Amino acid sequence: MNEKAKKITDTVNRIVLGKEREVTEVFLAILANGHILIEDIPGVGKTTLALAFAGAMSLDFKRIQFTPDVMPSDLTGFSVYRQKTGDFEFREGAVFCNLCLADEINRTSPKTQSAMLEVMEERRVTVEGVTRDVPRPFIVIATENETGSAGTLPLPESQTDRFMISLSLGYPDFKSELQLASEVGETSRTENIRPVISRDELLSMQSEIHSVYIKDTVYEYILNLVRETRENPLIVRGASPRATIALVRMSKAAAWYRGRDFVTPADVAEQFPYVVSHRITSGTLSKADGMSRTDIIGKILSSVKSPPAESREKTK
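Residues numbered from 1 in each chain as written. Predicted model: local features only at pLDDT ≥ 70, side-chain atom pairs only at ≥ 80, totals over all residues. Heavy atoms only, no water.

Asker: Explain the overall build of the chain to me, please; I cannot follow it from the model alone.
Answerer: Across its full length, the chain holds 14 helices and 11 strands. Here the C-alpha radius of gyration of the chain, 21 Å, is about what a compact globule of 316 residues would show, namely 20 Å. Along the three orthogonal principal directions, the C-alpha set of the chain runs to about 70 × 45 × 45 Å. Every one of the 316 residues in the chain was classed for burial, and the buried ones make up 49%. Of all intrachain contacts in the chain linking residues separated by at least 6 positions in sequence, the fraction that spans at least 24 positions is 78%. With 40 positive and 43 negative side-chain charges, the chain shows a separation of 3 Å between the mean positions of the two kinds. (Helix = DSSP H or I, 4+ residues; strand = E, 2+ residues; numbered from the N terminus. Rg over C-alpha atoms; globule rule 2.2 N^0.38 Å. Buried < 20%, exposed > 50% of the residue type's maximum accessible area, 1.4 Å probe, protein only. Contact = heavy atoms within 4.5 Å. Lys, Arg positive; Asp, Glu negative; His and termini not counted. Charge placed at Lys NZ, Arg CZ, Asp CG, Glu CD.)

Set out below in structure tokens:
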């Protein structure tokens, strides 16, 4: 399974050029059964990234272009009356898939955003009093426009917290963009992707993550990092307990992906910025000093003492 996991990221890296770190992080979040928030500008390959993962893992893919007129029923589904039978027939909405690309999620209304919130957290929707499960696995990759840009509405903190990680793809480097330009052809780069695994194999991978071992001192390190975001004077809103759970799961996924059955402090430190970046709000002190969220997270990592790295044998 671990070898197949590496083949998945290799496949996506052949489609999304020059973004190996970001591709790995998205895959780790999928392994950890979490949702991904991509804060970025248009045209840098977000849709291509989602399509590539869907193709490599045999996932049913749907894309929702969020606009102010998108209704909750477009996501969850609705019932249609059939005159011939005299019955109502349920029509599934866009979230009935395995991998859902929620494009420009902060351009739609709060009512529609709240409808997305339930399915992200519960993996089910309630329509007309009937609760229906969405397919397994169910992963949301959402893109968000810059705050304050035309037509945007801020995401509720409760919904932002539902995303396991956040990241930015950014522009490709010169070499990658040159290769991208030279390979332009009649067909899309994602059309010839061959599946590496089935959906059932992905579910097995997600299940294996839970067997990865974490020593008590590493659990304490995770908790100390998250709690520091709540106590740091540069931050006015720290990470929630959901961030602690997300950091545990992402650290386990990182260890498993690298072929280990135990988590090291380095796994935790590596995943910490991706897990908490969208969950903290900087205060006036940090703004006065010209410090970004990245700077603040770096200070937290340097100030919280890391336990010594040990082998699997020593952690038992």
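Moving on from the model shown.
Asker: What am I meant to see in the packing of helix α10 (residues 241-257) against helix α11 (residues 265-276) here?
Answerer: The relative placement of two packed helices is expressed as an angle between their axes plus a distance between the axes. Interhelical geometry of α10 versus α11 gives an angle of 130° and a closest axis separation of 9 Å. With respect to α11, the element α10 is oriented oblique. As for the relative orientation of α10 and α11, their crossing is right-handed in sense. Contact with α10, carried on its side by Ala243, Ala246, Leu247, Met250, Ser251, Ala254 and Ala255, involves Asp267, Val268, Glu270, Gln271, Phe272 and Val275 of α11 and no other residues of that element. For the contact of α10 with α11, the per-class residue count stands at 9 nonpolar, 2 polar and 2 charged. (Axes fitted to C-alpha atoms, helices over the stretch in contact; angles between N-to-C directions. Parallel < 35°, antiparallel > 145°, perpendicular 65-115°, else oblique. Left-handed = near helix turned anticlockwise from the far one by under 90°. Nonpolar A, V, L, I, M, F, W, Y, C, P; charged D, E, K, R; others polar.)

Asker: Would you mind going over the nonpolar core with me for this structure?
Answerer: Here is a general trend for soluble globular proteins: nonpolar side chains tend to be buried in one another's company. Grouped together as the largest cluster of nonpolar side chains are 69 residues, with contacts concentrated most on Phe27, Ile36, Leu49, Phe53, Met57 and Ile165. At 10 residues, the largest contribution of residues to this core is made by α10. Discounting residues that sit within four places of it in the chain, phenylalanine 27 has contacts with Ala5, Ile8, Thr9, Phe53, Met57, Met205 and Tyr257. Ile64, Ala102, Val140 and Leu155 belong to the second-largest nonpolar core, a separate cluster that totals 25 residues. (Core = buried A, V, L, I, M, F, W, Y, C linked by side-chain atoms within 4.5 Å.)

Asker: What am I meant to see in the packing of α11 against helix α13 (residues 293-303) here?
Answerer: At a minimum axis distance of 11 Å, the contact between α11 and α13 shows a crossing angle of 145°. As α11 packs across α13, the resulting crossing turns out to be right-handed. Contacts between α11 and α13 involve Ala269, Phe272, Pro273 and Val276 from the first element and Ile297, Ile300 and Leu301 from the second. Of the residues contributing to the contact of α11 with α13, the split by class is 7 nonpolar, no polar and no charged.

Asker: Please explain the pattern of salt bridges as it appears in this structure.
Answerer: Two side chains with opposite charge may pair up if their charged atoms get near one another. Scanning the entire structure with this criterion turns up 16 salt bridges. The salt bridge partner of lysine 4 is glutamate 201, with a shortest N-O separation of 2.5 Å. Here glutamate 201 lies in helix α8 (residues 199-209) and lysine 4 lies in helix α1 (residues 2-15), a separation of 197 residues in the sequence. Between arginine 82 and glutamate 89 there is a salt bridge whose closest N-O contact spans 3.3 Å. By relative accessible area, which is 33% here, arginine 82 ends up partly exposed. Of the residues examined, glutamate 89 reaches a relative accessible area of 35% and is grouped as partly exposed. Several salt bridges converge on common partners, so that one network encompasses Glu121, Asp161, Arg162, Arg242 and Arg279. (Salt bridge = Lys/Arg side-chain N within 4 Å of Asp/Glu carboxyl O.)

Asker: Is there a simple way to explain helix α5 (residues 110-122) in this structure?
Answerer: Because an α-helix completes one turn every 3.6 residues, residues spaced three or four positions apart along the sequence face the same direction. Taking 1.5 Å of rise per residue, 13 residues should cover 18 Å, and α5 covers 18 Å from first to last C-alpha, within 8% of that figure. A positive phi of about 60° marks arginine 123, the residue just after α5. (Expected span 1.5 Å × (residues − 1).)

Asker: How do you make sense of unusual backbone geometry when you look at a structure like this?
Answerer: Most of the time, phi is negative for any residue but glycine, and the peptide bond is trans. Cis geometry is found at the peptide bond from arginine 136 to proline 137, where omega equals -5°. Following the sequence through the fold, proline 137 ends up in the loop between β7 (130-133) and β8 (139-144). Unusually for a residue other than glycine, serine 58 sits at a positive phi of about 55°. In this fold, serine 58 is placed in the loop between α3 (46-56) and β2 (61-65). In this structure, arginine 123 takes a positive phi of about 60° despite not being glycine. Within the secondary structure layout, arginine 123 lies in the loop between α5 and β6 (124-127).

Asker: Even after reading the chapter, I still don't get the packing of aromatic side chains, so can you show me in this structure?
Answerer: Any aromatic ring pair is given by two values, namely how distant the centres are and how the planes are angled relative to each other. All told, the structure shown has 3 aromatic pairs when counted by the stated rule. Here phenylalanine 27 and tyrosine 257 contribute two aromatic rings whose centre-to-centre distance is 6.0 Å and whose plane-to-plane angle is 70°, an arrangement assigned as edge-to-face. Of the two residues, phenylalanine 27 sits in helix α2 (residues 20-31) while tyrosine 257 sits in helix α10, which places them 230 residues apart along the sequence. There is no split in this pair, since phenylalanine 27 and tyrosine 257 are both buried. Centre to centre, the rings of phenylalanine 90 and phenylalanine 96 are 6.0 Å apart; their planes meet at 70°, and the pair counts as edge-to-face. For the pair phenylalanine 90 and phenylalanine 96, one class covers both residues: buried. Three or more aromatic residues link up through ring pairs in this structure, and these residues are Phe27, Phe53 and Tyr257. (Phe/Tyr/Trp six-rings, centres within 6.5 Å; stacked < 30°, edge-to-face > 60°.)

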